[in-house]
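Coordinate analysis (summary)
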Amino acid sequence: SLHLHGGESSSCEEHYSQNVTVVPSQIYDYSSVVDQVARVLRPSVLFLACEWGRSAAMTGNMDPLVYAPRTCEFYQAVNDTLYVSRGIVPVARDIAKCIHESGHFDRIRPHEYEMPVGDWPSNPQLARIGAEFRNMLALYAASMRVMLFESGRYHITEVDALIQGFLQEMFTVHGIV
């Protein structure tokens, strides 16, 4: 799921465009990032924070542990390895709280959006987006291979099996978001 959290740096109605890009897999303290973002933004700028949830999710009431267990295992391995080796925890669900507690922004409006993984949606536009997102996740999985192996927590065959299972579900299980 994609978590969007917006806040405005003042109540002024005029907004300026300013771009700040942050790479979340390298962040150890998200609150300090929010402080730095607030420091460099001009007053009246709309701040939009987007974060992908590093977890398995499915549409409706479908349980990912039942329908996409290998996807769950992959994300658990990535999250555990990021935490153990680098002290990095998933932040998507906590961003709105972090932005609010910073005191730098008002009118904070969190939203969660489901992004389809794969070309299963009946809407052609969503199917195209889902297919592209699936391709992006395949690249992400490949990029995690070295980190998972070098952590010393997994043998290379275990890493390859995690990634292969993840990819297999990305291409065959409908409803993953």
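Preceding block: the structure.
What this report covers is the structure whose coordinates are included nearby.

Rules behind the numbers
Positions within a chain are numbered from 1, following the residues in the order the chain's sequence is written. In keeping with the predicted nature of the model, local features appear solely for residues at pLDDT of at least 70, side-chain atom pairs appear and are counted solely at 80 or more, and the whole-chain, interface and lining totals rest on all residues. Working from all heavy atoms in the structure, the side-chain values ignore hydrogens and water. Secondary structure follows DSSP: runs of H or I at least 4 residues long count as helices, runs of E at least 2 residues long count as strands, and numbering of each begins at the N terminus. Each residue's exposure class comes from its accessible area (1.4 Å probe, protein chains only) as a fraction of the maximum for that residue type: buried when under 20%, exposed when over 50%, partly exposed otherwise. Throughout, a contact is declared for two residues whenever any of their heavy atoms are within 4.5 Å. Where accessible areas are quoted, they stem from the Shrake-Rupley method and a 1.4 Å probe; at the residue level, only the protein chains shown are allowed to cover. Like-charged residues are merged into a patch within 9 Å and nonpolar side chains (Val, Leu, Ile, Met, Phe, Trp, Tyr) within 5 Å, provided each residue has over 30% relative accessible area and no salt bridge. When a carboxyl oxygen of Asp or Glu lies within 4 Å of a side-chain nitrogen of Lys or Arg, that pair is called a salt bridge. Whether two aromatic rings pair depends on their centres lying within 6.5 Å, for rings of Phe, Tyr and Trp, where Trp uses its six-membered ring; planes under 30 degrees apart make the pair stacked, over 60 edge-to-face, and the rest tilted.

This part covers the overall build of the protein chain. Check the secondary structure of the protein chain and you find 6 helices and 3 strands. Ordered by position in the sequence, the α and β elements of the protein chain form the string β-α-β-α-α-α-β-α-α. The proportion of buried residues among the 177 residues of the protein chain is 41%. Sequence-distant contacts, at least 24 apart, represent 76% of the contacts inside the protein chain between residues at least 6 apart. As displayed, the protein chain has an accessible area near 10200 Å², and 55% of this comes from carbon and sulfur atoms.

Judged by side-chain polarity, Leu65, Val66 and Tyr67 come together as a nonpolar surface patch covering roughly 330 Å² of accessible area. Take Tyr67: it is sitting in helix H2 (residues 64-67). Taking the relative accessible area as the measure of exposure, Tyr67 reaches 44% and is therefore partly exposed.

What follows concerns the packing of aromatic side chains. Each pair of aromatic rings is reported with the distance of its centres and the angle of its planes. Counted under the stated rule, the structure contains 6 aromatic pairs. Considering the side-chain rings of Phe74 and Tyr75, the 5.6 Å spacing of their centres and the 65° angle between planes classify their relative orientation as edge-to-face. You can call Phe74 buried: its relative accessible area is 0%. Aromatic side chains Tyr75 and Phe166 sit 5.4 Å apart centroid to centroid with 85° between the ring planes, which places their arrangement in the edge-to-face category. Remark: Phe166 occurs in helix H6 (residues 156-172) and Tyr75 occurs in helix H3 (residues 69-86); sequence separation between them is 91 residues. The pair formed by Tyr75 and Phe166 is uniform in burial state, with each residue classed as buried. Here a set of aromatic residues connected by ring pairs shows up, and it is made of Phe74, Tyr75, Tyr140 and Phe166.

The next subject is the pattern of salt bridges. All chains considered together, the criterion is met by 4 salt bridges. A salt bridge links Arg134 to Asp119; the nearest nitrogen and oxygen atoms lie 3.7 Å apart. With Arg134 in helix H5 (residues 124-150) and Asp119 in the loop between strand S3 (106-113) and H5, this pair connects stretches of sequence that are 15 residues apart. Take Asp119: its relative accessible area is 47%, and that puts it in the partly exposed class.

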